[in-house]
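Residue-level structural notes
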Amino acid sequence: MYNPHSQKAEEFICHQEVLDSLAYAEQNCHNLPLLERTLDKAARRQGLDHREASLLLASDDPQIEGRLMALAEQIKKDFYGNRIVLFAPLYLSNYCVNGCLYCPYHLKNKHIRRKKLTQEEIVREVTALQDMGHKRLALEAGEDPVHNPLEYILESIHTIYSIKHRHGAIRRVNVNIAATTVENYTRLKEAGIGTYILFQETYHKGNYEYLHPTGPKHNYAYHTEAMDRAMQGGIDDVGLGVLFGLENYRYELAALLMHAEHLEAVYGVGPHTISLPRVKHADDIDPNSFQHAISDDIFAKICAVIRVSVPYTGMIISTRENQKVRERLLHLGISQISGASRTSVGGYVQPEEEEENSQQFDVSDNRSLDEIVSWLIKLGYIPSFCTACYREGRTGDRFMELCKHNQILNCCHPNALLTLKEYLEDYASPQTKALGLELIERELPHVKNPKARQIAAERLQLIAQGQRDFRF
Ligand code: SAM
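If you're wondering where the values come from, they're calculated on a predicted model, not measured in any experiment.

**Considerations on the environment of Thr 343**
Among the secondary structure elements, Thr 343 is positioned in the loop between strand E8 (336-338) and helix H15 (352-355). Along the sequence, Thr 343 and Ala 53 sit 290 residues apart, while their C-alpha atoms lie 33 Å from each other.

See below:
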C-alpha cells in the first residue's frame with residue numbers, strides 16, 4: 001500500500017499508486033479548469049505533488065503547455081536568478097561487477113578497456129581539471145568491491161581535496177557511486193562529500209530487475225532505499241535522477257516525485273538535485289534498442305514539470321546532451337551543468353582515452369570550459385563556480401529553509417559574480433574575460449542587499465589584485 005512515510009521501497013514508490021496517478025492524469029488531461037487550477041497552485045510556488053505533476057505532463061493543450069513553460073522559466077528566475085553552476089565528472093574506475101543492459105561497464109563487456117586511476121593519476125587528472133578552472137567535481141565509479149572498495153573512494157576524495165595547484169583547488173566533491181550501507185555513507189560524509197548522487201535508472205521494479213539482471217544492483221529495494229540510508233548516515237544533500245529512455249517517462253516522473261515526497265516526509269528535506277540523463281550511445285550500447293526513448297520536446301516538458309513541482313531543487317543536465325538541447329533546458333529550470341567533460345577513465349590527461357572504448361557514454365557537447373563560460377555569458381547567464389553553501393554548512397534543511405525564504409539568492413548572486421571573477425582572472429581567454437568583466441559590471445548594481453553589494457565590490461577588487469582565500 002502507498003505510504004510516503006514508509007522506508008520500504010515498494011511502499012513509498014508504490015506501483016499501484018503510480019498507475020492510479022497515470023490513470024487520473026489520463027482521465028483529466030482535457031479538464032482545462034483543473035489544469036488551470038493546478039498551474040495556479042504551482043504559480044503560488046507551493047510545488048505540486050506527483051498526481052498534479054502527472055496531470056500537467058499528460059495535457060497536450062498548447063495553452064496549458066505555454067503557461068507551464070513560462071512558469072517554469074519564471075520560477076527558475078525567482079529561485080535561482082540567472083546563475084548556472086558548473087562542474088565536471090571525474091571517472092575514477094570503470095571496473096564493475098553489475099550487468100546493467102544500458103551501460104558499457106557491464107561485467108560481460110570483455111573488450112572495453114578497464115582502468116582504475118592510481119592516486120598519482122588522480123593528481124594529474126585533477127590538476128588538468130583545475131587548469132581549466134573547475135572547482136566542483138562529481139566522482140564516478142563502477143561498482144566493484146575488489147577494485148573500487150569504499151576505502152579507494154575515500155582515499156581518492158582525500159587526495160582530491162589536498163591538491164593545491166596554482167590558484168586552483170577543488171572545493172566540492174560530489175559522489176556518484178553505487179548504493180551502499182549506512183556506515184559507508186557516514187564515512188563518505190566524514191570525508192567531506194557534497195551531494196551523494198545515485199540515479200534510480202528506472203523506478204519500475206519489473207523493468208529494473210530486467211535491466212539489471214546480475215550483480216548487487218539487481219536488488220531493487222536496496223537501490224531504491226539508498227537515499228534513506230544516506231540520510232541516516234548523515235548525508236543531507238542527495239541527488240536523484242532517472243535514466244530517461246528505459247521506461248515510460250510518465251511512470252518515471254510520477255515515481256521520481258514520489259521519491260522526493262518520501263524524503264521530504266521522512267527526513268524533512270527533499271532532494272538537493274534532480275539530474276536529467278537520457279540513454280546515449282556507448283561502446284556496445286545502442287540507445288535505439290530501448291523502446292522508451294523520448295523526443296527533445298517531451299524532454300523539455302519533463303524539465304518544466306519538475307521545475308514547477310519542486311521549485312527548491314537544483315536541476316542538472318550533463319554533456320550527454322548537445323548544445324541546442326542544453327540551451328533549451330537552461331531556460332526551463334536547469335541550475336547546474338557539466339562542462340568540458342570526459343567520460344573515460346583518465347580522459348582529462350589523455351584525451352585519446354576518449355577515442356578508445358573506455359568511455360561510459362558519448363558526449364554530445366564537446367566544447368571547452370572557456371567556450372561554455374562564454375556561451376553562458378552571451379545567453380545572459382552568470383557562470384558560477386561557487387561552493388559557499390557547502391563550505392559554510394548550508395546543506396540539507398538549512399539550505400532548503402533559506403531557499404524557501406528567497407535568501408539563497410542574496411548570497412548566491414554576489415558569490416557567483418566573485419567566483420566568475422576568479423575564473424576570468426585565472427583561466428579565461430581574453431575574449432571570454434572581456435565578456436565576463438562586462439557582465440560583472442552590469443550585474444553588480446543588481447545585487448539586492450546594499451551591504452552584500454558593497455562587500456562584493458571590495459572583494460572584486462581584491463581578486464583583481466590576486467587575493468584568492470575567500471570561502472566561496
Ligand atoms: N556505479 C554507480 C551506480 O551503480 O549507480 C553509478 C555510476 S555511473 C558512472 C553514472 C550513471 O551513468 C549511471 O547511473 C547511469 O544512469 C548513467 N549511464 C550508464 N550508461 C549510460 C548510457 N549508455 N547513456 C547515458 N547514461 C548512462
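There's more to say after this.
**Here we look at the pairing of strand E2 (residues 136-141)**
Along any regular strand the residues' side chains alternate between the sheet's two faces. For E2, a buried count of six out of six residues is recorded, marking the element as mostly surrounded by other parts of the structure. Burial along E2 is two-sided: the residues Arg 136, Ala 138 and Glu 140 and Leu 137, Leu 139 and Ala 141 are all buried. With five bridges joining them, strand E1 (residues 83-93) and E2 adopt parallel strand pairing. Bridging across to E2, Pro 89 finds its partner in Ala 138. Handedness of the crossover is the feature at issue here: the chain leaves E1, passes through helix H6 (residues 119-132), returns alongside E2, and the resulting connection is right-handed. Bridging between E2 and strand E3 (residues 172-176) involves five bridges; their strand directions are parallel. The residue of E3 that forms the bridge with Leu 139 is Val 175.

**Considering the packing of helix H2 (residues 15-28) against helix H12 (residues 249-267)**
For the pair H2 and H12, the least separation of the axes is 10 Å and the interaxial angle reads 120°. Regarding the angle of H2 to H12, the classification is oblique. In this structure, H2 crosses over H12, and the sense of that crossing is right-handed. Residues His 15, Glu 17, Val 18, Leu 19, Leu 22 and Glu 26 of H2 touch H12, and the partners they reach there are Arg 250, Tyr 251, Ala 254, Ala 255 and Met 258. Here the residues of the contact of H2 with H12 sort into seven nonpolar, one polar and three charged.

**Topic: helix H5 (residues 62-80)**
For H5, with 19 residues, the first-to-last C-alpha span of 27 Å sits near the 27 Å given by 1.5 Å per residue. Among the residues of H5, those classed as buried are Ile 64, Leu 68, Met 69, Leu 71, Ala 72, Ile 75, Lys 76, Phe 79 and Tyr 80. Down the axis of H5, the buried set is contained in an arc of 165°. They therefore lie on one face. Structural note: H5 exposes Pro 62 and Gln 63 on the side pointing more than 90 degrees away from its buried face. With a side-chain oxygen lying 2.9 Å from the backbone nitrogen of Gln 63, the N-terminal cap of H5 falls on Asp 61. Where H5 terminates, the next one or two residues include Gly 81, which has phi positive at roughly 60°.

**Description of the packing of aromatic side chains**
Summed over all chains, the structure comprises six aromatic pairs. Pairing Phe 244 with Phe 299 gives two aromatic rings, centres 6.4 Å apart and planes at 70°, and the pair type is edge-to-face. Taken together, the positions of Phe 244 in the loop between strand E5 (238-241) and H12 and Phe 299 in helix H13 (residues 296-309) put the pair 55 residues apart, joining distant regions of the chain. Three or more aromatic residues link up through ring pairs in this structure, and these residues are Phe 385, Tyr 423 and Tyr 427. The ring of Trp 375 carries Arg 367 above its face, with NZ or CZ at 4.1 Å from the centroid.

**Details of the site of the ligand**
As a matter of local geometry, the ligand sits amid 20 residues, with Tyr 102, Ala 141, Glu 201, Lys 280 and Arg 320 nearest to it. Lys 280 places a polar main-chain atom, nitrogen or oxygen, 2.9 Å from a nitrogen atom of the ligand. One nitrogen or oxygen atom from the side chain of Arg 320 is found 3.0 Å from a nitrogen atom belonging to the ligand. Coverage of the ligand by the protein chains reaches 97% of its 580 Å² of free accessible surface.

**Some thoughts on the domain arrangement of the protein chain**
A common way to report how large an interface is uses the accessible area buried once the components associate. Along its sequence, the protein chain is organised into domain 1 (9-66), domain 2 (77-366) and domain 3 (406-464). Here domain 2 and domain 3 have C-alpha centroids that lie 29 Å from each other. Listed per partner, the contact involves 16 residues of domain 2 and eleven residues of domain 3. Of the roughly 960 Å² buried between domain 2 and domain 3, counting both surfaces, carbon and sulfur atoms make up 48%. Across the contact surface, domain 2 and domain 3 share one salt bridge. Residue Glu 422 is joined to Arg 171 by a salt bridge in which the shortest nitrogen-to-oxygen separation is 3.2 Å. Of all the elements in the fold, those that place two or more residues in the side of domain 2 that touches domain 3 are H5 and H6. At four residues, H5 tops the list of elements feeding residues into the side of domain 2 that touches domain 3. The residue inventory of the side of domain 2 that touches domain 3, partitioned by class, reads three nonpolar, six polar and seven charged.

Here is what the cut-offs are and how they apply
- Residues numbered from 1 in each chain as written.
- Predicted model: local features only at pLDDT ≥ 70, side-chain atom pairs only at ≥ 80, totals over all residues.
- Heavy atoms only, no water.
- Helix = DSSP H or I, 4+ residues; strand = E, 2+ residues; numbered from the N terminus.
- Buried < 20%, exposed > 50% of the residue type's maximum accessible area, 1.4 Å probe, protein only.
- Pairing = 2+ DSSP bridges.
- Right-handed = clockwise from strand over helix to strand, strands pointing away.
- Axes fitted to C-alpha atoms, helices over the stretch in contact; angles between N-to-C directions.
- Parallel < 35°, antiparallel > 145°, perpendicular 65-115°, else oblique.
- Left-handed = near helix turned anticlockwise from the far one by under 90°.
- Contact = heavy atoms within 4.5 Å.
- Nonpolar A, V, L, I, M, F, W, Y, C, P; charged D, E, K, R; others polar.
- Expected span 1.5 Å × (residues − 1).
- Arc of directions from axis to C-beta.
- Polar contact = N/O pair within 3.5 Å; in protein donor to acceptor, adjacent residues only side chain to side chain.
- Phe/Tyr/Trp six-rings, centres within 6.5 Å; stacked < 30°, edge-to-face > 60°.
- Lys NZ or Arg CZ within 6 Å of the ring centre and 35° of its normal.
- Near = heavy atom within 4 Å.
- Areas by Shrake-Rupley, 256 points an atom, 1.4 Å probe, with all protein chains shown as cover.
- Domains from an automatic or database assignment.
- Buried area = accessible area lost by both parts, 1.4 Å probe.
- Salt bridge = Lys/Arg side-chain N within 4 Å of Asp/Glu carboxyl O.

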